[in-house]
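As a plain string of letters, each chain reads:
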Amino acid sequence: MTIEEIPGRPELRNDLGPLDQLRAGRMTRRLTQLALGLFLYGASLAMMVRAGLGLAPWDVLHSGLVRHVPVTLGQMVVLTSFAVLLLWIPLAEVPGLGTLANAVAVGLAADATLAVLSAPDQLWARVALLLAGVVLNALATAAYIGSQLGRGARDGLMTGLARRTGWSLRLVRTGIEVSVVLLGLVLGGVLGLGTVLYALAIGPLAQLALPWLTVRLDP
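Residues numbered from 1 in each chain as written. Predicted model: local features only at pLDDT ≥ 70, side-chain atom pairs only at ≥ 80, totals over all residues. Heavy atoms only, no water.

A. Representation of unusual backbone geometry. In the Ramachandran plot, A92 falls in the positive-phi region, its phi being about 60 degrees despite a non-glycine side chain. Here A92 lies in the loop between α4 (73-91) and α5 (97-116). In this model, Q148 sits at a positive phi of 55 degrees, which is unusual for a non-glycine residue. Secondary-structure assignment places Q148 in the loop between α6 (123-146) and α7 (153-165). (Helix = DSSP H or I, 4+ residues; strand = E, 2+ residues; numbered from the N terminus.)

Right, here's the structure in full:
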């Protein structure tokens, strides 16, 4: 989900640099919402892991990489985020406070949640956990985007490639996510019903939540 893909949301600003983001006012609300959104995003990732029915596209890659590198899933999310941020350099993307917070906080929250959340035994409970994880992920996405403190590393990669290539955001996003899923599968990542459900539901659900979670900035 990227800011540019949200139709009819003129109060969402994607043209603000890091200093302008900080000068735009309402920082207490925005920082609180950013922190809560990033924590819930990591928690939703852990919920999908414990459900065991398939992960979001980037998490298919993360789950594959941890089979070959001695780190936790959350640590791999952090490492991958910073690796993706390096790709911002030739794309001339500029990170914001939320970008750097996203790169660190989501992985830490995922590991913290995995430490206390057990996998259910019954199939119905796993399905319920998967559905709750997808819905929570959408709310978390809307919360951190709505705070208007900078896009995440993967969002910035999509928008930067779209700007440089002239391709549509949807085409670029699809190409990236298909690529990371295929690479994740090669590495032994977890693909399943949850992956398909996430791909179909995350956009509409996050868009539905954005009107309530977008913080209007000072002129």
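Now, onward.
B. Broad picture of a nonpolar patch on the surface. There is a patch of nonpolar side chains on the surface, built from L19, L22, L31 and L97 and spanning about 340 Å² of accessible area. Looking at where L97 falls in the secondary structure, it is placed in helix α5. On the basis of relative accessible area, L97 is assigned to the partly exposed category, the value being 39%. (Patch = residues over 30% accessible without salt bridge, like charges linked within 9 Å, V, L, I, M, F, W, Y side chains within 5 Å. Areas by Shrake-Rupley, 256 points an atom, 1.4 Å probe, with all protein chains shown as cover. Salt bridge = Lys/Arg side-chain N within 4 Å of Asp/Glu carboxyl O. Buried < 20%, exposed > 50% of the residue type's maximum accessible area, 1.4 Å probe, protein only.)

C. How the structure looks around the packing of α6 against helix α9 (residues 193-213). Where α6 meets α9, the axes come as close as 7 Å, and the angle between the chain directions of the two elements is 45 degrees. When the axes of α6 and α9 are compared, the pair comes out oblique. The handedness of the crossing between α6 and α9 is right-handed. Residues L130, L131, V134, V135, N137, A138, L139, T141, A142, A143, I145 and G146 of α6 pack against G194, L197, Y198, A201, I202, L205, A206, A209, L210 and L213 of α9. Per-class residue counts for the contact of α6 with α9 are 18 nonpolar, four polar and no charged. (Axes fitted to C-alpha atoms, helices over the stretch in contact; angles between N-to-C directions. Parallel < 35°, antiparallel > 145°, perpendicular 65-115°, else oblique. Left-handed = near helix turned anticlockwise from the far one by under 90°. Contact = heavy atoms within 4.5 Å. Nonpolar A, V, L, I, M, F, W, Y, C, P; charged D, E, K, R; others polar.)

D. Region of the structure containing the confidence of the model for the protein. Across the protein, the average pLDDT comes to 88, with 91% of residues at 70 or higher. Contacts for the low-pLDDT stretch residues 1-10, under 50 throughout, to residues beyond four places or in other chains number 29 contacts. (pLDDT = per-residue confidence, 0-100.)

E. View of the pattern of salt bridges. Per the counting criterion, the structure on display carries three salt bridges. The partner of R151 in a salt bridge is E93, with the nearest N and O atoms 3.1 Å apart. You can see R151 sitting in the loop between α6 and α7 and its partner E93 sitting in the loop between α4 and α5, a full 58 residues away along the chain. Under the relative-accessibility criterion, R151 is labelled buried at 16%.

F. Focus on the packing of aromatic side chains. Scanning the entire structure with this criterion turns up one aromatic pair. Between Y41 and Y144, the aromatic rings sit 6.3 Å apart at their centres with planes inclined by 75 degrees, giving edge-to-face as the arrangement. Taken together, the residues Y41 in helix α2 (residues 27-51) and Y144 in helix α6 connect sequence positions 103 residues apart. When its relative accessible area of 6% is taken as the criterion, Y144 is described as buried. One Lys or Arg, R154, reaches over the ring of W58 and ends 5.1 Å from the middle of that ring. (Phe/Tyr/Trp six-rings, centres within 6.5 Å; stacked < 30°, edge-to-face > 60°. Lys NZ or Arg CZ within 6 Å of the ring centre and 35° of its normal.)

G. The environment of A142, seen in detail. Here A142 is to be found in helix α6. Sequence spacing of A142 and V190 is 48 residues, and the spatial spacing of their C-alpha atoms is 25 Å. With residues up to four places along the chain from it excluded, the contact list for A142 reads Q33, A206, A209, L210 and L213.

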